[in-house]
Amino acid sequence: MLLTALIVLPLLGAIPLLLVRDGNAREIKVWAIMVSLVTFLVSLPLWFNYDPDSGELYQFVEHHRWIHLQGLRANFSLGVDGFATLLILLTTFIMPIALLGSWNYIKERQKEFYIAMLGLEAAMIGVFAATDLLLFYVFFEASLIPMYLLIGIWGGENRIYATTKFVLYTVFGSLLMFVAILFVYHKTGGAHFGIAHLAEALQRCREADPLDPSHLTLGQEIWCFWAFALAFAIKIPLFPLHTWLPDAHVEAPTPGSVILASVLLKMGGYGFLRLVVPFFPHAAALYAPFFMWLSVTGIVYGSLMAFAQQDVKKLIAYSSVAHMGTCLLGIFSYNAIGIQGGAYQMLNHGISTGALFLLAGMLYERTHTRMIDYYGGIAKVVPVMTVCFVVVTLSSIGLPLTNGFVGEFSALLGAFLAQKDVHSCGVWYAALGGLGVILGAVYMLSLVKRVFYGKVLRQSNERLADLSPRELGLLLPLLAMIFVMGLQPSPFFRRMEPAVRQFLTYAQPGVDFAKARKLHAHGTALARGSGNPDASGTGREP
């Protein structure tokens, strides 16, 4: 019942807040932070007791009857593989830090704010823990509600525009995915919504006789693939579906930006790992080069847009577009090192970008502006903050010994070694991805120089307060993880290995399909060159 406890604990912790008056601000904050800390402590057995050598696809498995009606069978089924284990731990690790970072930031409707944050934590854990597809979808949609409130109520001046755009984008993709979920459920016989069961059942449907009603045609698979892929591409967000993200980050309160960058975006990458490629391997292999090109385009575009920004939060938001492009680049490389690098980079991004948004919020609390040109020369005024910002910046640009280096190097190496039967441009993927790393150093180091170094441009900046013990305390765990994950990545990679092997097993039919298409196209070209149209067969699909 560990996974159920992780989902229920934040919800139970939110109930007493309903009974507290708004005037008891300190008690509300302390209680919410304590609930999130207890949730983190309860999640630690996921790290210590997860056994990558067990041979089981899912561990900590729970199975409870949920919806059992005629024609509809869904269960409250939970379990974790290596990917889910690390993402749940990231969620429970980041949440108390984000809540502690809101101590002075949230001044109105504090009770409602902390209820929304705890509800959001429960939904995010549910997304990563669900092994029933309908349950996954319920948690996936439920996470929208608290985030909508966080931006819409506690956001900036344009919060209504930003939150409406965020919800419209996400709901549009989610509704298409829901239609595809119902189609997949019907096509596989309607036994139940178990994710592993559906993946295996879809493989049987592909292998069925073409005259069998259960046969899954390539056209049907492609339609379902795009319905799922669009929902998760919006969530990542992948270029050119990223336009909601800068507005949402700029208008969201600092804790909302931290959770959005650290955890919510990871649902998109997790969806590709857990659902899109395992369910639809033929279509995924067919369109993998397209997604790789979109990823490298997003890396370069996000980096250039970040360099052009004058707003600190918007710069960090565009850097997220670039970093998440690197994650998807690794996932679609179709080799173990690339997939592990892409998944690891999701964790790295959660740590480093979460810390950057916290530091941006601390600057805003002191100056009430996010404009980069307002700052300058404050390193001597706030030396501790400067050191923290520089360390996180070095992590973000992938300096060796930091977590960012391990993730980016692995993902780019995977892109360079991309599966030859699926891709033919691995060198170009790696080269353009590497260009994004160089551009990342340009815009992040430029940000550090403009904010912290040079002459003090305004007298008011000479009186800025350095980090308080509370602020330093919430940054230290993030700084520690930057070096722990940079110096000791093997425990994280080892926990991901069984999930990566399973992912490649699910993806193999797509690789074989792509190889057959290439051979067929090559044979057709040879036949045309020799003037013998029968040398390559009739031109039918292999």
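So, how was this worked out
Residues numbered from 1 in each chain as written. Predicted model: local features only at pLDDT ≥ 70, side-chain atom pairs only at ≥ 80, totals over all residues. Heavy atoms only, no water. Helix = DSSP H or I, 4+ residues; strand = E, 2+ residues; numbered from the N terminus. Buried < 20%, exposed > 50% of the residue type's maximum accessible area, 1.4 Å probe, protein only. pLDDT = per-residue confidence, 0-100. Contact = heavy atoms within 4.5 Å. Phe/Tyr/Trp six-rings, centres within 6.5 Å; stacked < 30°, edge-to-face > 60°. Salt bridge = Lys/Arg side-chain N within 4 Å of Asp/Glu carboxyl O.

**A word on the environment of Ala 283**
Here Ala 283 is to be found in helix 14 (residues 281-307). A relative accessible area of 0% means that Ala 283 is categorised as buried. Spatially, the C-alpha atom of Ala 283 lies 9.3 Å from that of Ala 514, the residues being 231 residues apart in sequence.

**Some points on the confidence of the model for the protein**
Overall, the prediction assigns the protein a mean pLDDT of 87, with 94% of residues at 70 or greater. When the criterion is pLDDT under 50, residues 533-542 qualifies, and its contacts beyond four places in sequence or with other chains add up to 11 contacts.

**Some remarks on the packing of aromatic side chains**
If you walk through the whole model with that rule in mind, you get 33 aromatic pairs. Where Phe 113 meets Tyr 114, the ring centres are 5.0 Å apart and the plane angle is 85°; that geometry is what we call edge-to-face. Classification of Phe 113 by relative accessible area gives buried; the value is 0%. Between the aromatic rings of Phe 389 and Phe 452, the centroid separation amounts to 5.0 Å while the plane-to-plane angle is 55°, which identifies the pairing as tilted. Residue Phe 389 is found in helix 17 (residues 383-396), and its partner Phe 452 is found in helix 19 (residues 426-452); the two are separated by 63 residues along the sequence. Both residues of the pair, Phe 389 and Phe 452, count as buried. The rings of Phe 136, Phe 140, Phe 225, Trp 226, Phe 232, Phe 272, Tyr 287, Phe 290, Phe 291, Phe 332 and Tyr 334 are connected pair by pair, giving a single aromatic cluster.

**Describing the pattern of salt bridges**
With the rule as written, the count across this model stands at eight salt bridges. Across the salt bridge formed by Asp 311 and Arg 370, the nearest N and O atoms sit 3.1 Å from each other. One end of the pair, Asp 311, is in the loop between helix 14 and helix 15 (312-331); the other, Arg 370, is in the loop between helix 16 (336-367) and helix 17, with 59 residues separating them in the sequence. Assessed through its relative accessible area of 23%, Arg 370 is described here as partly exposed. Three or more residues are tied together by salt bridges with common partners; here these are Arg 366, Arg 470 and Glu 471.

**Considerations on the environment of Val 448**
Relative to the elements of secondary structure, Val 448 occurs in helix 19. Sequence spacing of Val 448 and Leu 72 is 376 residues, and the spatial spacing of their C-alpha atoms is 55 Å. Excluding its chain neighbours within four sequence positions, the residues that come into contact with Val 448 are Phe 389, Val 390, Thr 393 and Tyr 453.

**Concerning unusual backbone geometry**
In this model, Ile 236 is joined to Pro 237 through a cis peptide bond whose omega is -10°. By secondary structure assignment, the location of Pro 237 is in the loop between helix 10 (218-235) and helix 11 (244-251). Here the amide bond leading from Phe 239 into Pro 240 is cis, since omega sits at 5°, within 30 degrees of zero. Looking at the element boundaries, Pro 240 is found in the loop between helix 10 and helix 11. The phi torsion at Arg 109 lies on the positive side, around 50°, for a residue other than glycine. Mapped onto the elements, Arg 109 comes out in the loop between helix 4 (82-101) and helix 5 (110-129). Among the residues examined, Arg 109 registers a relative accessible area of 52% and is labelled exposed. Positive phi outside glycine occurs at Tyr 334, with the angle close to 60°. Structurally, Tyr 334 can be placed in the loop between helix 15 and helix 16.

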